[in-house]
Amino acid sequence: LPTTSSKLTELLIVKKMSLRRTGQKVDNFVGLREFVREIVQRNVLRASAAKARSGWLVLVLDATASKVLTPILGMYDLMEERVSLVESLEKRRQPFPEFDVIYVAAPCEKSIRAIKADWVGRSSDMYGDAHVYFLSRLKQEQLAELGTAGGLTKRLQTLSELNLDFLAVEAQAFTLAEEEAFYQLSPAIAAGSKYLDPIEIRAAKKFATVCATLKETKPIFRFKSERAQAFAETAWRELRESTTMSTTSDKQTIRGTATVLILDRADDPLTPLLHEYTYQALVHDMLTIQGECRDRVTYAKATKAGETKEETALLNEKDDLWVEFRHEHIAKVVDALRNRVTDFLAHNSGAAQLSRGAGRDLSLGDMAQALKRMPEFQAATAALNKHMTLSHECLSKFHALNLLEQSQLEQTLATGLDDDGIKISKPQSLLTQVCNAVRGSSSSFKGERNSSPSDQEEHHALRLVAVYFVARGGRLAEAERSQILDALNPTPRQRDALLALSRLVAKIVAADGKLPAVADAAKLAPILQAALAQRQTAKQKKTIKKSKFSMLNALKSAARGGSTSSLGSTGGNEDDVASSRYVPPAKTIIEAAAYDRLPEDLYPRLPGAGTASTADDTTRGLGLPAPPNKVAAQSVRNRGGGNRGVTPPGAPAPTASRCGAKSFVGPRLIVIVLGGITYSEIRAAYEISHATNREVLIGGTSLLAPSTFINNLAGGGKKSTNSPPTSSLI
């Protein structure tokens, strides 16, 4: 056994060296999702095929590996690399002794035993040669356990650690897929805990693989809460141990030392509750979403016969229209889609009859129907048709649930500003409006497809009440609480969720009623760029008005045709159609970190966990002076034009699928949100990256849906039994 184990160790070290030399050059980054796909295709599939004695390969995945690989690999990718069959490690499989096998699995006891079982106690070989890849670091005792499978060690050609124990959701977004990690937002935990439970430790180790994949082996960790510090310490320890066996240099990327910013959902329980007007947020809020990366949407598609059927579509980096529109206000999406379809109809003789008719007066749904009746154009218009249908269905459901007025009320509660941008002097005066909105939701409901109307009403009404609880700082008088709960008439579980949220907020808010993240953002705003301060001035009143009007216009346009161009577009300026009055506080905090303006007394560094770049190295190319270490109310209005000529926030960020490889300036910034990431925060990261020309990657322990967040508040913390099924390569 010692001899066998040493051979495996030697093989593992050699493979580590090979991977790091050939597969992890990231200074000209093509996007995280594409980068992970390239690693798997080149360093797993292609490398194994080069060693294979037979012509074809069998790919065997455990449940964790299936989650990681399914979103990034298609059947074409597999067939191109001579993979003829994909199977589940946990299930019984037919022997293929003429084929080599590729195992990809998490380094856990269950998967290691399943791999061993294929090679122990068999009268004949299960496969030809074996190529074994683990998603993260293999412990020494696990290596020894693997070495007890004599049949495997004789046929083992590859043994490697991939450092890919995470899901690459988008070009600049990832998730650790640990829904149960940091889900509890109870006052005791929010007040601080230096100890992580086993699931949270596993999440921290998964995050270490994100850093290792990006070759950021000595990042600077920044954090605030005590459990964020514990997360940083665990991830840093795992990074150090995972690089111990490597004989290659751990030199950082040429852009300098990366910064890891760890945020905590307990500091901001408000953002996950709010309705947004951007396309991506509405799709995930209004439609049925499936898949570990939440990239498969189910919607009603009309057939040529006028009937409807369930259709599933992929929304990922391969869809250029999705990448272009996902962060845009839905009003802009509706207008852009209509204009493109109208132009298509005008320039194609086969569609001349529709174009000469009432083409510009048709609704999105009508246009989608017209395109379906022209089979000769279906290939050319498939993507347009998909997004016309999705945007139309989003707006239809949004209107059916009367969410425009509710979302505007949420914005008033969240910001403390009314539609005219005037501060609300008495937030409790909004109680009547909230109660009326909750009571009126059922009477305004117009029907839902494949869903219980009461469930839909209760969900959105519950979110409004939760926003009110947060806006009041969790400190409600008994009469006030009784009045709003009587209007809502919640189930026992919903009541528990609201009371838990109320206790949490009351525990963590400052004396002025601000959430910790909101208070941090307020402290950082004065030392950030002038544009940030300008957005809080007179222009905001126009922004607020136009935001509401644009949604009204989009709803009418989608239902009856017409164009949103009556808004009086000024050429795509952010103030033209704002997504909302509310700006997630995480955006300001991330922006401060991106500009190297995050004071260490607010977000300290983890001692010994990285060598900081000099201020000149960090801010070179951004037009910024040396950063301060303490919060100070200083103006940077004449800072030097580091943001001039930059596309304003809200514009779609360049991504690999649209622009190819992107060259960034300065060190990488990696943001991780404990307790789950929201789509508004993902959008903020893209906007900051685009504005600063600095690569900002953002992720969370999970992708957080509002329903999941509310379930967590009630103490669920488990995946809902009503969760849609996930797709798989298997």
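Because the structure is predicted, anything quoted here is derived from the model rather than measured.

About the thresholds
- Residues numbered from 1 in each chain as written.
- Predicted model: local features only at pLDDT ≥ 70, side-chain atom pairs only at ≥ 80, totals over all residues.
- Heavy atoms only, no water.
- Axes fitted to C-alpha atoms, helices over the stretch in contact; angles between N-to-C directions.
- Helix = DSSP H or I, 4+ residues; strand = E, 2+ residues; numbered from the N terminus.
- Parallel < 35°, antiparallel > 145°, perpendicular 65-115°, else oblique.
- Left-handed = near helix turned anticlockwise from the far one by under 90°.
- Contact = heavy atoms within 4.5 Å.
- Nonpolar A, V, L, I, M, F, W, Y, C, P; charged D, E, K, R; others polar.
- Buried < 20%, exposed > 50% of the residue type's maximum accessible area, 1.4 Å probe, protein only.
- Lys, Arg positive; Asp, Glu negative; His and termini not counted.
- Salt bridge = Lys/Arg side-chain N within 4 Å of Asp/Glu carboxyl O.
- Polar contact = N/O pair within 3.5 Å; in protein donor to acceptor, adjacent residues only side chain to side chain.
- Pairing = 2+ DSSP bridges.
- Expected span 1.5 Å × (residues − 1).
- pLDDT = per-residue confidence, 0-100.
- Phe/Tyr/Trp six-rings, centres within 6.5 Å; stacked < 30°, edge-to-face > 60°.

1. Observations regarding the packing of helix 25 (residues 585-594) against helix 28 (residues 679-692)
- At a minimum axis separation of 10 Å, helix 25 and helix 28 run at an interaxial angle of 30 degrees. Overall, the two elements helix 25 and helix 28 adopt an arrangement that is roughly parallel. As for how helix 25 packs across helix 28, the hand of that crossing is right-handed. Taking contact as the criterion, the partners of Ala 586, Lys 587, Ile 590, Glu 591 and Ala 594 in helix 25 are, on helix 28, Glu 681, Ala 684, Glu 687, Ile 688 and Thr 692.
- Partitioning the contact of helix 25 with helix 28 into residue classes produces five nonpolar, one polar and four charged.

2. Some remarks on the side chain of Arg 694
- In this fold, Arg 694 is placed in the loop between helix 28 and strand 14 (696-700).
- Among buried charged residues, Arg 694 stands out as having no salt bridge; its nearest opposite-charge side chain is Asp 596, 5.8 Å away.
- Among the polar contacts listed, one links the side chain of Arg 694 to the backbone oxygen of Ala 594, at a separation of 2.8 Å.

3. Some remarks on unusual backbone geometry
- One non-glycine residue, Arg 82, lies in the positive phi region at around 70 degrees.
- Along the chain, the position of Arg 82 falls in the loop between helix 4 (75-80) and strand 2 (83-88).
- For Arg 82, a relative accessible area of 29% corresponds to the partly exposed category.
- Even without being a glycine, Asn 402 presents a positive backbone phi close to 55 degrees.
- On the secondary structure map, Asn 402 appears in the loop between helix 16 (378-400) and helix 17 (403-415).

4. Comments concerning the pairing of strand 5 (residues 156-161)
- Summarising burial for strand 5: five of the six residues are buried, a large majority.
- Pairing of strand 4 (residues 130-134) with strand 5 involves five bridges; the strand directions are parallel. Across the sheet, residue Tyr 133 finds its bridge partner in strand 5, namely Ser 160.

5. Regarding helix 13 (residues 330-346)
- Across its 17 residues, helix 13 extends 24 Å between first and last C-alpha, which sits within 8% of the 24 Å expected from 1.5 Å per residue.
- Burial of helix 13 is extensive: 12 of the 17 residues sit out of reach of the surface.

6. Comments concerning the confidence of the model for the protein chain
- With 69% of its residues at a pLDDT of 70 or more, the protein chain shows a mean pLDDT of 77.
- This stretch, residues 614-661, has a pLDDT under 50; its non-local contacts, to residues over four places away or in other chains, come to 97 contacts.
- The low-confidence segment residues 717-727 (pLDDT under 50) makes 19 contacts with residues lying over four places distant or belonging to another chain.

7. Looking at the packing of aromatic side chains
- Taken as a whole, this structure holds eight aromatic pairs when the rule is applied.
- Seen from their ring centres, Phe 96 and Phe 99 are 5.7 Å apart, and the 5 degrees between their planes marks the pair as stacked.
- On the basis of relative accessible area, Phe 96 is assigned to the buried category, the value being 16%.
- Ring geometry for Tyr 103 versus Tyr 127: centroids 6.3 Å apart, planes at 85 degrees, classification edge-to-face. On the criterion of sequence distance, the pair formed by Tyr 103 in strand 3 (residues 100-105) and Tyr 127 in the loop between helix 5 (109-117) and strand 4 is long-range, its members being 24 residues apart.
- By relative accessible area, which is 1% here, Tyr 103 ends up buried.
- The exposure class assigned to Tyr 127 is buried, which follows from its relative accessible area of 0%.

8. Observations concerning the sheet that holds strand 2
- The parallel open sheet is built from five strands, whose spatial order is 2-1-3-4-5. Looking at which strands have only one partner, the edges of the open sheet turn out to be strand 2 and strand 5. For this sheet the average axis-to-axis angle between neighbouring strands, irrespective of direction, equals 15 degrees.
- Note: strand 3 against strand 4, five bridges, orientation parallel. Residue pairing for strand 4: Ile 102 is matched across the bridge by His 131.

9. A short note on helix 21 (residues 492-508)
- If you check helix 21, its first and last C-alpha atoms are 24 Å apart, about what 17 residues at 1.5 Å a residue would give, namely 24 Å.
- Within the sequence span of helix 21, burial applies to Gln 494, Ala 497, Leu 498, Ala 500, Leu 501, Ser 502, Leu 504, Val 505 and Ile 508.

10. Notes on the environment of Arg 222
- Within the fold, Arg 222 resides in strand 8 (residues 220-222).
- C-alpha of Arg 222 to C-alpha of Leu 602: the two residues are 380 residues apart in sequence and 9.4 Å apart in space.
- Setting aside chain neighbours within four positions, we find Arg 222 in contact with Thr 259, Val 260, Leu 261, Ile 262, Leu 598, Pro 599, Glu 600, Tyr 603, Pro 604 and Arg 605.
- A polar atom in the side chain of Arg 222 sits 3.4 Å from the backbone oxygen of Pro 599.

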